[in-house]
Amino acid sequence: AQSVTQPDIHITVSEGASLELRCNYSYGATPYLFWYVQSPGQGLQLLLKYFSGDTLVQGIKGFEAEFKRSQSSFNLRKPSVHWSDAAEYFCAVYDRGSTLGRLYFGRGTQLTVWP
Amino acid sequence: SQTIHQWPATLVQPVGSPLSLECTVEGTSNPNLYWYRQAAGRGLQLLFYSVGIGQISSEVPQNLSASRPQDRQFILSSKKLLLSDSGFYLCAWSRGFEQYFGPGTRLTVT
């Protein structure tokens, strides 16, 4: 069965520090993977996506993610965090076997940024 | 470009009252539509999805229902709200692999 695990419920970093949010997936075939960000009281915004090809994908707001098949991971990174990056981040895998286009989401990682 | 709207943004309703949340999408046709709920600390729960007008599938048995009276309109309803229905309700649409989310409705059942 498809699933996504985000091992870190809450991460705190200082502004200007680097960031890595972990995501592990379980999927039988080559996965389609996504990262979304949710600011408080807002909907989810798509940060980046991976379908195939280059395993390092660039997204909006200076984020990137690397797909590692051997580790079943799709970790999100940012070299220098800004206070405005404080939000909740969700990793998701697309179920290619489903006609409805279902996404399976992780439980989310809450990011706090200290000044 | 595509836009997704949800209303109301915030709603406070007593237990046992009815519910109607609306979602509309602009700038695309025949999208897949989804209703999710976020309860505190419980992540995203898929409630309903629709691949076309009048075609609704439910993921979780509950006292909620959904309808799609028009191609780009998706409605979430309840005849009698429960305390456990409180949460943040998100509508989303897709035409490919990724989903795009609306701003959400915060529902508090008192």
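That block above? That's the structure.
Residues numbered from 1 in each chain as written. Chains lettered and ligands numbered in written order. Predicted model: local features only at pLDDT ≥ 70, side-chain atom pairs only at ≥ 80, totals over all residues. Heavy atoms only, no water.

Draft legend 1. Just the packing of aromatic side chains, in detail. Residue and element names in this part refer to chain A. If you walk through the whole model with that rule in mind, you get 19 aromatic pairs over all chains. With a centroid separation of 4.5 Å and 25° between ring planes, the pair formed by Y50 and F67 is classed as stacked. In this pair, Y50 sits in strand 6 (residues 44-50) while F67 sits in strand 8 (residues 64-68), placing the two residues 17 residues apart along the sequence. The burial state of Y50 is the same as that of F67; both residues are buried. (Phe/Tyr/Trp six-rings, centres within 6.5 Å; stacked < 30°, edge-to-face > 60°. Helix = DSSP H or I, 4+ residues; strand = E, 2+ residues; numbered from the N terminus. Buried < 20%, exposed > 50% of the residue type's maximum accessible area, 1.4 Å probe, protein only.)

Draft legend 2. Representation of the environment of S67 of chain B. Residue and element names in this part refer to chain B. Relative to the elements of secondary structure, S67 occurs in strand 7 (residues 64-70). On the basis of relative accessible area, S67 is assigned to the partly exposed category, the value being 30%. Considered as a pair, S67 and A92 are 25 residues apart in the sequence and their alpha carbons are 14 Å apart. Setting aside chain neighbours within four positions, we find S67 in contact with I56, Q73, F74 and I75. (Contact = heavy atoms within 4.5 Å.)

Draft legend 3. Here's a closer look at the state of the cysteines. Applying the stated criterion across every chain, the model contains two disulfides over all chains. Residue C23 of chain A pairs covalently with C91 of chain A via a disulfide, S to S 2.0 Å. The S-S bond linking C23 of chain A to C91 of chain A shows a torsion near -65°; that makes this disulfide left-handed. Linking C23 of chain A in the loop between strand 3 (19-21) and strand 4 (24-26) with C91 of chain A in strand 10 (residues 87-94), this pair joins segments that are 68 residues apart in sequence. The exposure class of C23 of chain A is buried, given its relative accessible area of 0%. Two residues share a disulfide in this structure: C23 of chain B and C91 of chain B, whose sulfurs sit 2.0 Å from each other. Residues C23 of chain B and C91 of chain B share a disulfide whose torsion about the S-S bond is about -75°; that sign makes it left-handed. In this pair, C23 of chain B is assigned in strand 3 (residues 19-26) and C91 of chain B in strand 9 (residues 87-94), connecting sequence segments 68 residues apart. For the residue pair C23 of chain B and C91 of chain B, the accessibility class agrees, reading buried in each case. (Disulfide = S-S within 2.5 Å.)

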